[in-house]
Amino acid sequence: MTNKTLERYRIKIDLVDQQIITLLSDRMKTSLKIGKYKNRNKLPIQDKTRELEMISRYIKMATLHRLNPNYIKKLYAIILSQSRSVQAKKGGVINERKS
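What counts, and where the lines are drawn
- Residues numbered from 1 in each chain as written.
- Predicted model: local features only at pLDDT ≥ 70, side-chain atom pairs only at ≥ 80, totals over all residues.
- Heavy atoms only, no water.
- Patch = residues over 30% accessible without salt bridge, like charges linked within 9 Å, V, L, I, M, F, W, Y side chains within 5 Å.
- Areas by Shrake-Rupley, 256 points an atom, 1.4 Å probe, with all protein chains shown as cover.
- Salt bridge = Lys/Arg side-chain N within 4 Å of Asp/Glu carboxyl O.
- Buried < 20%, exposed > 50% of the residue type's maximum accessible area, 1.4 Å probe, protein only.
- Helix = DSSP H or I, 4+ residues; strand = E, 2+ residues; numbered from the N terminus.
- Expected span 1.5 Å × (residues − 1).
- Contact = heavy atoms within 4.5 Å.

Asks: I'd love a proper account of a nonpolar patch on the surface, names of residues and values included.
Replies: Together, V16, I20, I21 and L24 make up an exposed nonpolar region whose accessible area comes to about 310 Å². Taking the relative accessible area as the measure of exposure, L24 reaches 33% and is therefore partly exposed.

Asks: Break down unusual backbone geometry for me, citing the residues and quoting the values.
Replies: In the Ramachandran plot, K42 falls in the positive-phi region, its phi being about 55° despite a non-glycine side chain. Within the secondary structure, K42 is located in the loop between α1 (3-40) and α2 (48-64). The phi dihedral of R66 falls on the positive side, at around 60°, and the residue is not glycine. Along the polypeptide, R66 turns up in the loop between α2 and α3 (69-88).

Asks: I'd like to hear about α1, residue by residue, with values.
Replies: With 38 residues, α1 should cover 56 Å at 1.5 Å per step; its first-to-last C-alpha distance of 55 Å lies within 8% of that length. Along α1, the residues that are buried comprise T5, M28, S31, L32, G35 and K38. Elements in contact with the buried residues of α1: α3.

Honestly, it's all geometry; don't read function into it.
What follows is the structure, given as structure tokens:
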């Protein structure tokens, strides 16, 4: 593998990582809106049934894409924890920009 080949791979990784960050930001903005909805409607922040369904579905998807299911389970544990935190406005709160 040449240095140019390695550099192309790294550029690809950087682009994918930028997309991941953008998608996570979109997810957290949506989580904030969900938190506001739950607050107005006196709903609990955590819905364990939904979270288990999501993780189960994503583990199946991961398997189809030949990803380690444990990796996806750990990744979504972090994502869901951050989403709950944003919904509850306890740390990790994102600020919505006025566009």
